[in-house]
Structures are given as C-alpha cells and as structure tokens.
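Each chain is listed here by its residues.
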Amino acid sequence: MKNIFINIFLILSGLLLSCTDVIDVEVPYEGPRLIVEASLDWQKETFGNVQTIRLSELKPYFDSTTPNIVTGASVTVTNNSNNRVVEFIDQNNGDYTTAEFAPVIGQSYTLEVISKGEIYVAEETLTTVVPIKKVDQSTENGFDSNVIEVNIYFDDPVHEENYYLTIFQERKDLLPTLLDVSDEFTNGNEMRIFYEKFNNENTNEKELQPGDIVDIKLYGISK
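For the structure given in this document, a descriptive report is provided here. Chains are numbered independently. Their residues run from 1 in the order of the written sequence. The predicted nature of this model means local features are confined to residues of pLDDT at least 70 and side-chain atom pairs, given and counted, to a pLDDT of 80 or more, with totals for whole chains, interfaces and linings taken over all residues. The basis for every side-chain value is the complete set of non-hydrogen atoms in the structure, without hydrogens or water.

## With respect to the overall build of the protein
Within the protein, the secondary structure is distributed over one helix and 13 strands. For the protein, the α and β elements follow one another from N to C terminus as α-β-β-β-β-β-β-β-β-β-β-β-β-β. It is over C-alpha atoms that the radius of gyration is taken, and the globule rule equals 2.2 Å times the number of residues to the power 0.38. In terms of overall size, the protein is more extended than a compact globule, its C-alpha atoms giving a radius of gyration of 25 Å where 223 residues would be expected to give roughly 17 Å. The principal-axis extents of the C-alpha atoms in the protein amount to approximately 90 × 50 × 30 Å. Pairs of residues are marked as contacts when any of their non-hydrogen atoms sit within 4.5 Å. Restricting to contacts in the protein with at least 6 residues of sequence separation, those with at least 24 account for 53%. Computed with a 1.4 Å probe, the accessible areas rest on the Shrake-Rupley method; for each residue, only the protein chains presented here act as cover. When the accessible area of the protein is evaluated, it comes to approximately 15,800 Å², of which 54% is carbon and sulfur surface. Side chains of the protein give 16 positive and 37 negative charges; the mean places of these two sets differ by 5 Å. Helix numbering and strand numbering both begin at the N terminus, where a helix is a DSSP run of H or I of at least 4 residues and a strand a DSSP run of E of at least 2. Positive residues here are Lys and Arg, negative ones are Asp and Glu, while His and the chain termini are left out of the count. For this purpose, a charge sits on NZ of Lys, CZ of Arg, CG of Asp or CD of Glu.

## As for the side chain of K197
Within the secondary structure, K197 is located in the loop between β12 (190-196) and β13 (214-221). A distance of 2.8 Å separates a polar atom in the side chain of K197 from a polar atom in the side chain of D173. Any N or O atom pair separated by 3.5 Å or less is treated as a polar contact, with the protein-specific requirement of one donor-capable and one acceptor-capable atom, and with residues adjacent in sequence counted only for side-chain atom pairs. A distance of 3.2 Å separates a polar side-chain atom of K197 from the backbone oxygen of K206. With residues up to four places along the chain from it excluded, the contact list for K197 reads V147, E170, D173, E205, K206, E207 and L208.

## A word on a nonpolar patch on the surface
Among the surface-exposed residues, I23, V25, V27, Y61 and F62 lie close enough to one another that they form a single nonpolar patch of about 620 Å² accessible area. One can find V27 in the loop between α1 (2-17) and β1 (34-38). Grouping into patches uses exposed residues only, defined as over 30% relative accessible area, and leaves out salt-bridged ones; the cut-off is 9 Å for like charges and 5 Å for nonpolar side chains (Val, Leu, Ile, Met, Phe, Trp, Tyr). For this analysis, a salt bridge means a side-chain nitrogen from Lys or Arg found within 4 Å of a carboxyl oxygen belonging to Asp or Glu.

## Observations regarding the sheet that holds β1
One key point about sheets: their strands pair by backbone hydrogen bonds, in either a parallel or an antiparallel sense. Two strands are counted as paired when DSSP detects at least two bridges linking them. The strand order across the open sheet built from seven strands is β1-β2-β5-β4-β3-β6-β7, with neighbouring strands paired in antiparallel fashion. Every other strand in the sheet has two partners, leaving β1 and β7 (118-125) as the edge strands with one partner each. Averaged over all pairs of adjacent strands, the angle between strand axes in this sheet comes to 20 degrees, irrespective of strand direction. Where strand β3 (residues 74-79) and strand β4 (residues 85-90) come together, four bridges link them in antiparallel fashion. All axes here are fitted lines through C-alpha atoms, helices being fitted over the stretch that makes contact, and every angle between N-to-C directions spans 0 to 180 degrees.

## Here we look at the sheet that holds strand β9 (residues 149-155)
Read from one edge of the open sheet, three strands run β8-β9-β12, paired in antiparallel fashion. Looking at which strands have only one partner, the edges of the open sheet turn out to be β8 (134-138) and β12. The sheet shows a mean angle of 25 degrees between the axes of neighbouring strands, direction not considered. Note: β9 against β12, seven bridges, orientation antiparallel. For E149, the partnering residue across the bridge sits in β12 and is E196.

## Let's talk about the pattern of salt bridges
Across all of its chains, the model carries nine salt bridges by this definition. With a closest N to O distance of 3.0 Å, K133 and D155 form a salt bridge. Of the two residues, K133 sits in the loop between β7 and β8 while D155 sits in strand β9, which places them 22 residues apart along the sequence. On the basis of relative accessibility, which here comes to 40%, the residue D155 falls in the partly exposed class. Each of E170, K172, D173, K197 and D212 takes part in salt bridges that share partners, so that together they form one network. Only protein chains enter the accessibility calculation, which uses a 1.4 Å probe; a residue whose area is less than 20% of its type maximum is buried, one above 50% is exposed, and one in between is partly exposed.

Structure, rendered in structure tokens:
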C-alpha cells in the first residue's frame, strides 16, 4: 500500500508542476496619448457653473508606477454665440476646474485643450433632457428572471430625434455602468431603460440585493 500511495503522489505532483508555466502577454503600446474627459453637465436645481475637465495620458497596460495625469495644459470653453471664453484652472492633479461656466440649453460650445505644443478642439451643443417620471424594480424585464433589475421610465418627445445617456452606479461599485439609447423605434412613446447586475468574480460585482442603493442619472446627448 505504501508503494501505491507514493506512485499516486508522484503522479499528482507531476500534474501540479505542469500547471505552473508562466505566459508572457505582449500588450501593444504606441506611446502616450492625451485622454480628455470633458462632460459639461447641467444638473437640474443647480446653477451648472461648477465644472471639471480631466486630462491624463495613455500608458503601458502593466505600468502601475508612472503617474499618468497631465498638468500645465491650457483648457478653455468658448460660447460660440457671444465668444465668451471660460478658462479652466489647473489643479495640478489632472483636474481643470471652473466656477464661471454659464450653461444655456441649445447653445453650442467649443472646447480647446493645448498640451505639450498640440492643440485639441471639440464642439458640442448643450442638450436638454426630459425628467424621469418613475423608477421601480422587477425580475421579469431583464435577461435573468432570478435577478433584480432597476427600471426607469420617461416620455420621449414627439417629432424629435433624441439620444439619451443613462448612468447607473450601485454605491459599492468602483465604476458606473453607462447605457446609451435613441428613440429611433420609440419616438413619442414611453421609454424604459433597465439596469441589471450579475455576479462577477473578476470584478467582485454582485447581483443587486434588497437594501442596495443605486444612483441614476439621465442625460440628453447628441448622436
């Protein structure tokens, strides 16, 4: 019996050792590129004057030591109707902030970023959005009938082409979930957007449970 035990142990040891190979993964990297996170949002019941734009740089995937924030840049937003320029002040942590932005629904604005001798320009219009009229939870509207989902409802305006961005974030999660939809097939009707989570060991996310709190934001955006 002792010999049999030793033989089995040696075989199992060989199997375990054969699973310890290291695989090197080469991730392509084309050098630093500027990342601009600029969403000028006017939340209802606020003045909308305080805004933040964040600048960072792309860096190698496995590099966890090099800071990738961008400082020393020039960041401005211009009202294209009256040419009023608002300067965003460098906070030396990648954030550029202002308390002087004047939001106007339907107004177009131009963002200009000057960093390391390069100029980046984008133009967009501040788009309105209808209010959320109802929020509820269910298990029959999502992909899994055993999982709780959160539903929001709102009325899409008639005779308009509309696009929406919804941001859901369960308060225990590090990152939000973003969903964009259009009214191409639901123009003028009630629209429903649902948020559903599944257990994920890789991201440590869990299904929604009674008592969880989910923050929801609905934005009007362009195509």
